[in-house]
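Residues per chain, in single letters:
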Amino acid sequence: MCAHAIQLLRIAPHVFQCPVPAPTLPPAFSTNTYLIAKDGEGVVVDNGTDDPDAIQALVDTIRSAGVRRVTALIATHHHRDHTSGLPALHRAFQAPVYIHPLDRTRLTWPASDAAALEDAPPALSCAGIALHLRHCPGHTHGHLHVEIPGEDVILVGDHLAGQGSVWIGPPDGHMASYFRALDAIAASGCRIAGPGHGPVLKDAAAAARQLKKRREGREAEVLGLLAERPRTLGEIVGAIYGDTVPPGVRLAARRTVQAHLQHLLSCGLAEREFDAGRGFVYRLPNQITLSGRAPTAY
Ligand SMILES: [Zn+2]
């Protein structure tokens, strides 16, 4: 196997998963590209490498699946580990790159590649296979799910992971929206979920419910910490994670806790006030502040 050989894993009769090495967050070291292929026609979802050799290997792999014509390239969301290879695939296949308009504005592509971009339509077809592109914000404002009911598959980008959980970072990430996105996965009726990283999940609804439970558990943990005493974001992150996570992951963990705090604020389950020495301090509603001052509304 050459250094850039790309695996083509069949996950449904006409849907394939291709893990492609990409710069992303541990524990993942690759981003999944998905190929829907039938009767010589193909649709490709996500690609996160700008390594020309890896792109050529992927193009060869797609052609080896009998695809003569790629009619659409889809980005589930704007993050570089899902989009940086799409301009090269556009040049190879002359297919438009569909992305939600809210995420289109966040792309950091060169201007010369902007002509490839088009707003994602609600539905596409690949040789008669219906693809439904659902706008489900959460991980980003313009995040898409690609539902392929005829294949019993839902491609969920970074809303589920083959292993572990995903990060939700404000202001682009929004926890209440993410909870709704997980509900949408569970309600889709599709059995198999194709995540952006890691192996497929054979029970999409169970995986979505499990991840929602995990996030709800984290919110309960945050509320428990606030019940002990008011704390800053950094103090909450320290209490939850200690020194157990590497620096790159720690930033993602911090932003996810921040998303939980914003959610708790919006639900009225927590409040915050600004302390000149500590910055924003979070506490339960009506909790006596350390300074003894009356709570300040935000
Ligand atoms: Zn992402």
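These numbers come from a predicted model, not from an experiment.

### Details of the overall build of the protein chain
Here's step 1: The secondary structure content of the protein chain amounts to eight helices and 14 strands.
Here's step 2: The C-alpha radius of gyration of the protein chain comes to 21 Å, within 12% of the 19 Å expected for a compact globule of 298 residues.
Here's step 3: For the protein chain, the spread of C-alpha atoms along the three principal axes comes to 70 × 35 × 35 Å.
Here's step 4: Looking at the protein chain as a whole, 51% of its 298 residues qualify as buried.

### A closer look at the coordination of the zinc ion
Here's step 1: Here the zinc ion is held by His77 (NE2), His79 (ND1), His139 (NE2) and Asp158 (OD), and the distances to it run 2.2 to 2.3 Å.
Here's step 2: One can describe the site at the zinc ion as irregular: its four donor atoms subtend angles covering 87 to 171° at the metal.
Here's step 3: Counting gaps between the donor residues of the zinc ion yields the pattern H-x1-H-x59-H-x18-D. Pair noted here: His77 is in the loop between strand S5 (69-74) and helix H2 (80-83) and His139 is in the loop between strand S9 (129-135) and strand S10 (144-148), with a separation of 62 residues, a long-range link.

### With respect to the packing of helix H5 (residues 175-187) against helix H6 (residues 204-228)
Relative orientation and spacing of two packed helices are given, respectively, by the angle between their axes and the distance between those axes.
Here's step 1: Running from amino to carboxyl end, H5 crosses H6 at an angle of 155°, the nearest separation of the two axes being 7 Å. When the interaxial angle is binned, H5 and H6 end up roughly antiparallel. As for how H5 packs across H6, the hand of that crossing is left-handed. Within the contact between the two elements, H5 uses Met175, Tyr178, Phe179, Leu182, Asp183, Ile185 and Ala186 and H6 uses Ala204, Ala205, Ala208, Leu211, Lys212, Arg215, Glu216 and Glu219.

### What to know about the domain arrangement of the protein chain
Here's step 1: Domain parsing of the protein chain yields domain 1 (9-215) and domain 2 (229-283).
Here's step 2: Taken over C-alpha atoms, the centre of domain 1 sits 30 Å from the centre of domain 2.
Here's step 3: Taken together, the contact pairs eleven residues of domain 1 with ten residues of domain 2.
Here's step 4: For the pairing of domain 1 and domain 2, the buried interface totals around 990 Å² over both sides, and the portion due to carbon and sulfur atoms is 66%.
Here's step 5: The three residues of domain 1 that bury the most area against domain 2 are Trp167, Pro170 and Met175, which together make up 49% of that side's buried surface.
Here's step 6: Counting across the domain 1 and domain 2 interface gives zero salt bridges.
Here's step 7: Linking domain 1 to domain 2 there are four residue pairs in polar contact (both at pLDDT 80 or more).
Here's step 8: For the side of domain 1 that touches domain 2, the leading source of residues is H5, giving three residues.

### Quick notes on the sheet that holds strand S2 (residues 15-21)
Here's step 1: The seven strands are arranged S1-S2-S3-S4-S5-S6-S7 in an open sheet whose pairing can be described as mixed. Only two strands of the sheet have a single neighbouring strand rather than two, namely strand S1 (9-12) and strand S7 (117-119). The sheet shows a mean angle of 30° between the axes of neighbouring strands, taken without regard to direction.
Here's step 2: Sitting on the sheet, helix H3 (residues 86-93) touches strand S4 (41-45), S5 and strand S6 (97-99), and the angle it makes with S5 is about 160°.

Analysis parameters
- Residues numbered from 1 in each chain as written.
- Predicted model: local features only at pLDDT ≥ 70, side-chain atom pairs only at ≥ 80, totals over all residues.
- Heavy atoms only, no water.
- Helix = DSSP H or I, 4+ residues; strand = E, 2+ residues; numbered from the N terminus.
- Rg over C-alpha atoms; globule rule 2.2 N^0.38 Å.
- Buried < 20%, exposed > 50% of the residue type's maximum accessible area, 1.4 Å probe, protein only.
- Donors = N, O, S within 2.8 Å, 3.2 Å for Na, K, Ca; no water.
- Tetrahedral: all angles 85-135°; square planar, octahedral: opposite > 155°, others 65-115°.
- Axes fitted to C-alpha atoms, helices over the stretch in contact; angles between N-to-C directions.
- Parallel < 35°, antiparallel > 145°, perpendicular 65-115°, else oblique.
- Left-handed = near helix turned anticlockwise from the far one by under 90°.
- Contact = heavy atoms within 4.5 Å.
- Domains from an automatic or database assignment.
- Buried area = accessible area lost by both parts, 1.4 Å probe.
- Salt bridge = Lys/Arg side-chain N within 4 Å of Asp/Glu carboxyl O.
- Polar contact = N/O pair within 3.5 Å; in protein donor to acceptor, adjacent residues only side chain to side chain.
- Pairing = 2+ DSSP bridges.

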